[in-house]
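Below are the chains, spelled out letter by letter.
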Amino acid sequence: MIVEFGYGVLVLSFLVTVYSGVAAVYGVRKKSASWVESARRAQLLTFPLISISSLVLIYLLVNNHFEVSFAYEVTSLSMPAYLKITAWWGGQAGSMLFWSWLLSMFTSLVTLRKWDRDIEFLPWVILVSAVTLTFFLGMIVFFENPFSRFWLVNGNVVESMFQPVAATIFRPEDGRGLNPLLRHPGMVIHPPMLYLGFVSYVIPYAFAMAALITGRTDDRWIRITRRWSLWAWLFLSFGLVLGGRWAYDVLGWGGYWGWDPVEIAAFMPWLTGTAFLHSVMIQEKRGMLKQWNMVLIILTYSLVIFGTFLTRSGVLSSVHSFANSPIGPFFMGFVTLTLVVSVWLVIKRWNELRSETEMKSMLSREALFLLNNLLFISILVVCFWGVIYPLISELVSGQKVTVGPPYYERATGPLFAGLLFLMAIAPFSAWGHSTLQTLGRAVWKSILASLVLTFILFFTYTQNLYALIGFFLVALALFATTHEFYRGALARQKTQNENFFTALSNLMMRNRRRYGGYIIHISMALMAIGILGIELFQKETQGTVAQGESLIVGEYRVEYRELASWGVQSDGVNYTRAVLDIYENGIYLGQLYPRIDYFYDAEQTMTIPGQRSTFRDDLYILLVDWQPVSNSGATFKIYVNPLVNWMWIGSLVFLVGIIFAAWPDKDPEAVSARVKKSVSQTSAAD
Amino acid sequence: MKPKFLIGGGMILAAVFYLIFSATTASAERFMTVDEMLAETPEIVGDSLRITGAVIGDTIQYDPDTLTLTFEIAHAPADFKEIEEQGGLAKVLYDAVHDPTRARVKVIYIGVKPDLLRTEAQAIMTGTLDENGVFHATELLLKCPTRYEQALPEQTTQP
């Protein structure tokens, strides 16, 4: 009964969503506020409905209802309750329900805002989110139903939502369970983070479309959704970092990013989202790049839908499998359709979206922002080309040709370097007009300091040219950004007669988005240190040692003490753990415990590294194999990953920066008015 | 738009195109199934290739002293349409492993034995074929679809 109930509510939410979209359009056509209001209420109803349906699904997951095929796929008796709940997004059907739930929640939040000043947007925002939600709910209701069950018909097991003729329900004794690789805290938070980011981007897109349809193409839609895009970007970025951390901790290959299609699918909307974040500032401040911003948010939306599909369709390594699902063609169709309609709307409004001012100087702030956008889009093109290259080559030459990580590293490396450089100098250029002279005067100190540092590194750390260029750019970005804080605070100290630290904190609090942005810039430079370290200086060794023997890598000596194997029946896991003593230059540092977990239900092992992290490097040890009888010999693979910790430190700084920038003020309307005023007053300092 | 912006933009575009072009030519690898690879042997011996096939569980051997992993893969189609026509990835891999007439290739890989390596896994490998017909993989990716026999649960309770 409960299964039918859950499915029934789901179908109902689908119908209500369709109604809300239709009523919104009808209301606009008939100029009837009551129809729009009806659409608004229908929209608000979708959230409780989808919540109920989701709760039913969670109930089924937690209570081992293995007759439901989704529960059978993603849960098993041995999984703890919290993992059974998170199994909600552990498979395709459930994660699409989760996606829909988030979208209806976010749309409801938007629907509940004060609409006085922009009531003309309301029906169209409802329509756009209703279309998106209809698509996802439709996919779930008709093709990827999480409530579908197993039935026994004439001794055969079949899968169906409703009872076939003369069938009895079939309930397996145990489920297959989540893939052990996914039973990790990082993997528990990573998908929802990514999804939060993905779904949040629907809101700015909906407003952009509303602006295009109504013809109110000023920057109002950007101002309304500014915080949405910031939060979307926060979640998406953090989702990506968490995914990297999970790969580093669980996948056991000593890295965190492998440029596989799934990762790239999540990375592409981040690239357009980041470009969007920067270019909307140009529109707000200078009234330029309006057409471009529309294109960026449309691209982001399309990539989000595309990414949702790619990241959950079971594509792990094959370049071709992203069509490997019955719903693949529908996704491609939906992305194409929304893309065509959106682009058509932009073309229709093309003239109204012209810039109010013309770009004059190549070194002006707006020109450098434009360059930053070009670089982000170039990285996007590199990624997109890499993903579709096999298809293109097959069309052109009949041979499937693929490109791997070296392609991405080679092609994106210079572009990332360019971004670091821009990050360092752009804050010093002025709106409207800058010359090489004014820019040079502002940054020469930072350049000099970075050069000195690079020389020191050349003599003490590395002679690798790429590394030195990289470190120079990182240092430049760090010095220049810190200098920017210093310069601003100093100026304020003089004019406001405050002491330096009060001046600094007031400055930051009054220009939160700007200084939050600079904190994010610093975090990016820190993360770049980690990337340079692991890409260019990773050291590794491997070997089989008997008890008491050692392996040596760099300054580390790793001594094998003992090994133990034990099973915990209730977890369904057998653990094998090695104990290692770690010495650095003869000094004892402590022990590490790399292990291999064997999951009985999935018949799969999972290699958990032993890790020791410092600011200088990570020692990362994998237990590869052991002699089962004597317990005397075991094989290890050891990585030394220099500086990689800065990656994670950078991501924490990043979090601070973006929360600083995005934290809600008391009254957003009042603040945007105030910011406008203070901008016009202090535009010289900007 | 002033001409200097067009020239600047054009230069950036050209640079990006050059980057993509040179990186593509430098790291492109042909993607082949076992049959396709064997059909072009020995011409492609030594070329950098990316091949795919089904892992045969009985042949997996691992020497921890040298971290040498050897196993055989059987030919399995890689084309999406072909896979769908033959009943899905899990079934295709199952058939490949249980069909003794399929062409097989021996693979050598030096490194940590991947957690996902097991019978009926889809292996996607980058490496080169030597003149003895052994594939030396430098990169090994594995994908385990729902195993065919388990696609539906086995009947555990008699009615």
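Residues numbered from 1 in each chain as written. Chains lettered and ligands numbered in written order. Predicted model: local features only at pLDDT ≥ 70, side-chain atom pairs only at ≥ 80, totals over all residues. Heavy atoms only, no water.

## As for the domain arrangement of chain A
Reasoning step 1: Here the domain parsing of chain A yields domain 1 (1-167), domain 2 (179-382) and domain 3 (537-645).
Reasoning step 2: Using only C-alpha atoms to locate each centre, domain 1 of chain A and domain 3 of chain A end up separated by 45 Å. (Domains from an automatic or database assignment.)

## Thoughts on the side chain of A:His190
All names here are of chain A.
Reasoning step 1: You can see His 190 is positioned in helix 7 (residues 185-200).
Reasoning step 2: You can call His 190 buried: its relative accessible area is 12%.
Reasoning step 3: Within polar-contact distance, the side chain of His 190 engages the backbone nitrogen of Gly 243 at 3.2 Å.
Reasoning step 4: In contact with His 190, other than residues within four places in its own chain, are Gly 239, Leu 242 and Gly 243. (Helix = DSSP H or I, 4+ residues; strand = E, 2+ residues; numbered from the N terminus. Buried < 20%, exposed > 50% of the residue type's maximum accessible area, 1.4 Å probe, protein only. Polar contact = N/O pair within 3.5 Å; in protein donor to acceptor, adjacent residues only side chain to side chain. Contact = heavy atoms within 4.5 Å.)

## With respect to the pattern of salt bridges
Residue and element names in this part refer to chain A.
Reasoning step 1: One pass over the full model with this rule turns up 32 salt bridges over all chains.
Reasoning step 2: With its nearest N and O atoms 3.4 Å apart, the salt bridge here joins Glu 67 to Arg 171. With Glu 67 in the loop between helix 2 (33-62) and helix 3 (69-74) and Arg 171 in the loop between strand 3 (168-169) and helix 7, this residue pair connects regions lying 104 residues apart in the sequence.
Reasoning step 3: Notably, a salt bridge pairs Glu 366 with Arg 286, separated by 3.3 Å at the nearest N-O pair. Placement of the pair is Glu 366 in helix 13 (residues 365-397) and Arg 286 in helix 10 (residues 261-286), with a sequence separation of 80 residues. (Salt bridge = Lys/Arg side-chain N within 4 Å of Asp/Glu carboxyl O.)

## What to know about the interface of chain B and chain A
Reasoning step 1: Contacts between chain B and chain A engage 49 residues on the former and 60 residues on the latter.
Reasoning step 2: Taken together, both faces of the contact between chain B and chain A bury some 4,900 Å²; the carbon and sulfur share is 60%.
Reasoning step 3: At the surface where chain B touches chain A, the tally comes to 0 salt bridges.
Reasoning step 4: Listing elements by their share of the side of chain B that touches chain A, those giving two or more residues are helix 1 (3-27), strand 1 (28-33), strand 2 (49-63), helix 3 (80-85), strand 5 (122-129) and strand 6 (134-143) of chain B.
Reasoning step 5: A class-by-class count of the residues in the side of chain B that touches chain A yields 25 nonpolar, 10 polar and 14 charged. (Buried area = accessible area lost by both parts, 1.4 Å probe. Nonpolar A, V, L, I, M, F, W, Y, C, P; charged D, E, K, R; others polar.)

## Some remarks on the packing of aromatic side chains
Residues and elements named next belong to chain A.
Reasoning step 1: Within this structure, the stated rule accounts for 53 aromatic pairs over all chains.
Reasoning step 2: A centroid spacing of 5.5 Å and a plane angle of 70° characterise the contact between Trp 257 and Phe 267, whose relative ring orientation is edge-to-face. Of this pair, Trp 257 sits in the loop between helix 9 (220-251) and helix 10 while Phe 267 sits in helix 10; the two residues are 10 residues apart in sequence, bridging distant segments of the chain.
Reasoning step 3: An aromatic cluster of three or more residues is present, and its members are Trp 233, Trp 257, Trp 259, Phe 267, Trp 270, Phe 376, Tyr 407, Tyr 408 and Phe 654.
Reasoning step 4: Positioned over the ring face of Trp 115 is Arg 113, at 5.2 Å from the centre of the ring. (Phe/Tyr/Trp six-rings, centres within 6.5 Å; stacked < 30°, edge-to-face > 60°. Lys NZ or Arg CZ within 6 Å of the ring centre and 35° of its normal.)

## Quick notes on helix 4 (residues 89-98) of chain B
All names here are of chain B.
Reasoning step 1: Among the residues of helix 4, those classed as buried are Leu 89, Ala 90, Val 92, Leu 93, Ala 96 and Val 97. Burial along helix 4 is one-sided: seen end-on, the buried residues are contained in an arc of 165°.
Reasoning step 2: Residues of helix 4 that are buried make contact with strand 2, strand 3 (68-74), helix 3, strand 4 (104-110), strand 5 and strand 6. (Arc of directions from axis to C-beta.)

## Quick notes on a negative patch on the surface
Residues and elements named next belong to chain B.
Reasoning step 1: Taken together, the side chains of Asp 35, Glu 36, Glu 82, Glu 84 and Glu 85 present a region of like negative charge at the surface.
Reasoning step 2: Secondary structure elements with two or more residues in the negative patch: helix 2 (34-39) and helix 3.
Reasoning step 3: Per element, the largest residue contribution to the negative patch is 3 residues, and it comes from helix 3.
Reasoning step 4: Tracing the sequence through the fold places Glu 85 in helix 3.
Reasoning step 5: Classification of Glu 85 by relative accessible area gives exposed; the value is 66%. (Patch = residues over 30% accessible without salt bridge, like charges linked within 9 Å, V, L, I, M, F, W, Y side chains within 5 Å. Areas by Shrake-Rupley, 256 points an atom, 1.4 Å probe, with all protein chains shown as cover. Lys, Arg positive; Asp, Glu negative; His and termini not counted. Charge placed at Lys NZ, Arg CZ, Asp CG, Glu CD.)

## What to know about the pairing of strand 1 (residues 149-153) of chain A
Residues and elements named next belong to chain A.
Reasoning step 1: Of all 5 residues that make up strand 1, 5 are buried, and the element is covered over most of its length.
Reasoning step 2: Of the two faces of strand 1, the one lined by Arg 149, Trp 151 and Val 153 and the one lined by Phe 150 and Leu 152 are each fully buried.
Reasoning step 3: Bridge analysis of strand 1 against strand 3 gives 2 bridges, and the strand direction is antiparallel. Its bridge partner being in strand 3, Leu 152 is matched across the sheet by Thr 168. (Pairing = 2+ DSSP bridges.)

## Here we look at the sheet that holds strand 1 of chain A
All names here are of chain A.
Reasoning step 1: Within the open sheet, the 3 strands sit side by side as 2-1-3. Their pairing is antiparallel. The two strands at the open ends of the sheet, each matched to only one other strand, are strand 2 (156-160) and strand 3.
Reasoning step 2: Of the strand pairs in this sheet, strand 1 and strand 2 are connected by 5 bridges, and their pairing is antiparallel. From the neighbouring strand, Val 153 faces strand 2, where its bridge partner is Asn 156.

## With respect to the nonpolar core
Note that soluble globular proteins tend to have their nonpolar side chains buried in a common cluster.
All names here are of chain A.
Reasoning step 1: Ranked by size, the top nonpolar core spans 170 residues in total, and within it Trp 88, Trp 99, Phe 121, Phe 147, Phe 207 and Trp 221 carry the most contacts.
Reasoning step 2: Among the elements that line this core, the one with the most residues is helix 6 (residues 122-142), at 13 residues.
Reasoning step 3: Two domains share this core, each providing at least three of its residues, namely domain 1 (1-167) and domain 2 (179-382).
Reasoning step 4: Leave out the neighbours within four places in its chain, and Trp 88 touches Ser 54, Leu 57, Ile 58, Leu 61, Phe 70, Gly 94, Ser 95, Leu 97, Phe 98 and Trp 101. (Core = buried A, V, L, I, M, F, W, Y, C linked by side-chain atoms within 4.5 Å.)

## Observations concerning a nonpolar patch on the surface
Residue and element names in this part refer to chain A.
Reasoning step 1: Residues Trp 444, Leu 448, Val 452, Leu 453, Ile 456 and Phe 479 make up a contiguous nonpolar surface patch of about 550 Å² in total accessible area.
Reasoning step 2: Ranked by residues supplied to the nonpolar patch, first place goes to helix 15 (residues 436-460) with 5 residues.
Reasoning step 3: Tracing the chain through its elements places Leu 448 in helix 15.
Reasoning step 4: On the basis of relative accessibility, which here comes to 46%, the residue Leu 448 falls in the partly exposed class.

## Some remarks on the sheet that holds strand 5 (residues 539-546) of chain A
All names here are of chain A.
Reasoning step 1: Read across the sheet, 4 strands follow the order 5-14-13-12 without closing on themselves; strand pairing throughout is antiparallel. A strand with exactly one partner marks an edge of an open sheet, and here the two such strands are strand 5 and strand 12 (610-613). Each adjacent strand pair in this sheet contributes to an overall mean axis angle of 15°, direction not counted.
Reasoning step 2: Examined bridge by bridge, strand 13 (residues 617-626) and strand 14 (residues 633-642) share 9 bridges and lie antiparallel to one another. For Asp 618, the partnering residue across the bridge sits in strand 14 and is Asn 641.
Reasoning step 3: Helix 18 (residues 512-537) contacts strand 5 and strand 14 of the sheet and is inclined by roughly 130° relative to strand 14. (Axes fitted to C-alpha atoms, helices over the stretch in contact; angles between N-to-C directions.)

## Concerning unusual backbone geometry
Reasoning step 1: Along the chain, B:Thr41 connects to B:Pro42 via a cis peptide bond; the corresponding omega equals 10°.
Reasoning step 2: Mapping B:Pro42 onto the fold places it in the loop between helix 2 and strand 2.
Reasoning step 3: In this structure, A:Asn154 is a non-glycine residue whose phi angle is positive, near 50°.
Reasoning step 4: Exposure remark for A:Asn154: the relative accessible area of 72% places this residue in the exposed category.
Reasoning step 5: Notably, B:Glu120 is not glycine yet its phi reads approximately 65°, a positive angle.

## Some words on the environment of A:Pro146
All names here are of chain A.
Reasoning step 1: Note on placement: Pro 146 falls in the loop between helix 6 and strand 1.
Reasoning step 2: For Pro 146, a relative accessible area of 0% translates into the label buried.
Reasoning step 3: Along the chain, Pro 146 and Ile 222 lie 76 residues apart, while their C-alpha atoms are 37 Å from each other.

## Describing the packing of helix 2 of chain A against helix 5 (residues 92-111) of chain A
Residues and elements named next belong to chain A.
Reasoning step 1: The geometry of helix 2 relative to helix 5 is characterised by a closest axis approach of 9 Å and an angle of 145° between their N-to-C directions. Helix 2 and helix 5 meet at a crossing whose hand is left-handed. In this structure, helix 2 uses Arg 40, Gln 43, Leu 44, Thr 46, Phe 47, Ile 50, Ser 51, Ser 54 and Leu 57 to contact helix 5, whose residues at the interface are Gly 94, Leu 97, Ser 100, Trp 101, Ser 104, Met 105, Thr 107, Ser 108 and Thr 111. (Left-handed = near helix turned anticlockwise from the far one by under 90°.)

## Examining the confidence of the model for chain A
Reasoning step 1: Counting all residues, the mean pLDDT for chain A is 87, and 94% of those residues have values of 70 or more.
Reasoning step 2: Ignoring residues within four places in sequence, the model shows residues 667-686 of chain A, a span with pLDDT below 50, making 13 contacts including any to other chains. (pLDDT = per-residue confidence, 0-100.)

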